[in-house]
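Per-entry structural report
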Amino acid sequence: MSEQYANRQQVQAPDLPLVIVGSGLAGYTLVREFRKLDAEHPIILITQSDGSFYPKPQLSAALGNQKSADQLVMKSAAEMADSLGIEIRTQERVLSIDSNRKCLHLTQEEIPFGRLVLAMGAEPRELKEAMNAISVNQLADYRRFRETLTQASGVTIIGTGLVGCEFAYDLARSGHSVRLWGAEDRILQRFLPEEPARALEKALEDLGVQISTASKQPLADVVSEAQTANRMLLTSIGLEVDKRLAETAGLRCRRGICVDQRFQTSVSDIFAIGDCAEVGNTLYQYIQPITSQARTLAQILSGTDTHWETDWWPVTIKLPGNPMIFMPPAGAQGSWEQEGSALDLKGVFVDDNGKASGAYLLGQHVKERASILALLKEQQTA
Amino acid sequence: MRKWQCIVCGWIYDEAAGVPEEGIAPGTAWDDIPDDWVCPDCGAGKDDFEMVEVA
């Protein structure tokens, strides 16, 4: 990752606000971290939502924890604005960015910025076979999910990645009839080898989840069956960055908004972090890297000369056995060394150079988190 | 015994339970957790936790 964009020399315009687009984890974490370093600089945060602050990872566990959408809210936009000393514009859409004049166009007004941070997240990918399906990626979606659930005879989930599996677990433990369908032959295929994936499938089946795959049942059948039986269709087939706004500013985009290790886009004074940012060639759409990005950008914006480096980010999954995954580098060649049985499994991915470069832990082995992290870091630098 | 919630990810530290897998014994008071300790789920620091009512 050596890409460096736009001239780094920063023309300080002390009176112009720092403007942040997005009130999700990335946007609010950035504000909170920035305020620890700079209590004064004016900040305007613009969001399409109502600006409530809530712990996003809880969306896929809230049903079983008996939390309504309102109960998930930790602070309203007004409370956030007050406690952080910022201005928040809720339910407001940014129509375009004028990067030459350094201003944003909203429906009714124009907002000038000194520096701009795009932290607007990504949208759930839609399934063309089921355009009326529900996806839960933010609080408002969860509200709709809960409302729809009261009228549905059960839930059919499309997608066997992290979110799909977490919802299957949460719904099943709450007593709902759950079907889980994936295009791949086993759940969490991107993250886990066969043995732990099968153990988790069994744990879900023991809770009543019916799992099927494309090789057994075509998607069209699953969708029509759900529609006939008045089952809710819940899709979780990945995220897609909506690049249209970034493109109005002339920002370079690929899958996300391209940034360097300082989160600088291809236009000076415009930055991007979180689900919408592509750092190097990678999108980091998990909690830990996003909060880490926000902390680093807060330092950069307050004048510290630093940059962000990726790390081993354990991904914890809310499933039986508390699986924890340390992802192997995409495309790496190697093999898994595994031990344990049932839901107490551990695996280390050893690449063809003999280096540990990925791992997973389940059940009792979750305790080894710290030692696995240390092993991965040591081998990476060795 | 109190509970503290990570405001970033919602993870809850329960003083009664501790985090034995991280070497924090059951019954450890929040104040006695080292200042450099971070949330096991999201990496947030201690100052990103708030005390929550015990449900």
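So, here's what we can say about the structure. (Residues numbered from 1 in each chain as written. Chains lettered and ligands numbered in written order. Predicted model: local features only at pLDDT ≥ 70, side-chain atom pairs only at ≥ 80, totals over all residues. Heavy atoms only, no water.)

It is worth spelling out the packing of helix α1 (residues 25-37) of chain A against helix α9 (residues 287-301) of chain A at this point. Residue and element names in this part refer to chain A. Across the interface, α1 lies against α9 with an axial gap of 8 Å and an inter-helix angle of 40°. What the angle tells us is that α1 and α9 run oblique. Of the two elements, α1 crosses α9, and the hand of that crossing is right-handed. In contact with Leu25, Ala26, Thr29, Leu30, Glu33, Phe34 and Leu37 of α1, α9 contributes Ile287, Ile290, Thr291, Ala294, Arg295, Leu297, Ala298, Gln299 and Leu301. Classifying every residue of the contact of α1 with α9 gives 11 nonpolar, 3 polar and 2 charged. (Axes fitted to C-alpha atoms, helices over the stretch in contact; angles between N-to-C directions. Helix = DSSP H or I, 4+ residues; strand = E, 2+ residues; numbered from the N terminus. Parallel < 35°, antiparallel > 145°, perpendicular 65-115°, else oblique. Left-handed = near helix turned anticlockwise from the far one by under 90°. Contact = heavy atoms within 4.5 Å. Nonpolar A, V, L, I, M, F, W, Y, C, P; charged D, E, K, R; others polar.)

Right, let's talk about unusual backbone geometry for a bit. Residue and element names in this part refer to chain A. Residue glutamine 66 is not a glycine yet carries a positive backbone phi of 55°. Counting through the fold element by element, glutamine 66 comes out in the loop between β2 (43-46) and α2 (69-72). Positioned with a positive phi, leucine 188 is a non-glycine residue whose angle comes to about 50°. Tracing the chain through its elements places leucine 188 in the loop between β10 (178-182) and α6 (194-206). Exposure remark for leucine 188: the relative accessible area of 1% places this residue in the buried category. (Buried < 20%, exposed > 50% of the residue type's maximum accessible area, 1.4 Å probe, protein only.)

Moving on to the state of the cysteines. Applying the stated criterion across every chain, the model contains 0 disulfides over all chains. Considering cysteine sulfurs only, Cys9(B) is the nearest to Cys39(B), which forms no disulfide, with 3.7 Å between them. (Disulfide = S-S within 2.5 Å.)

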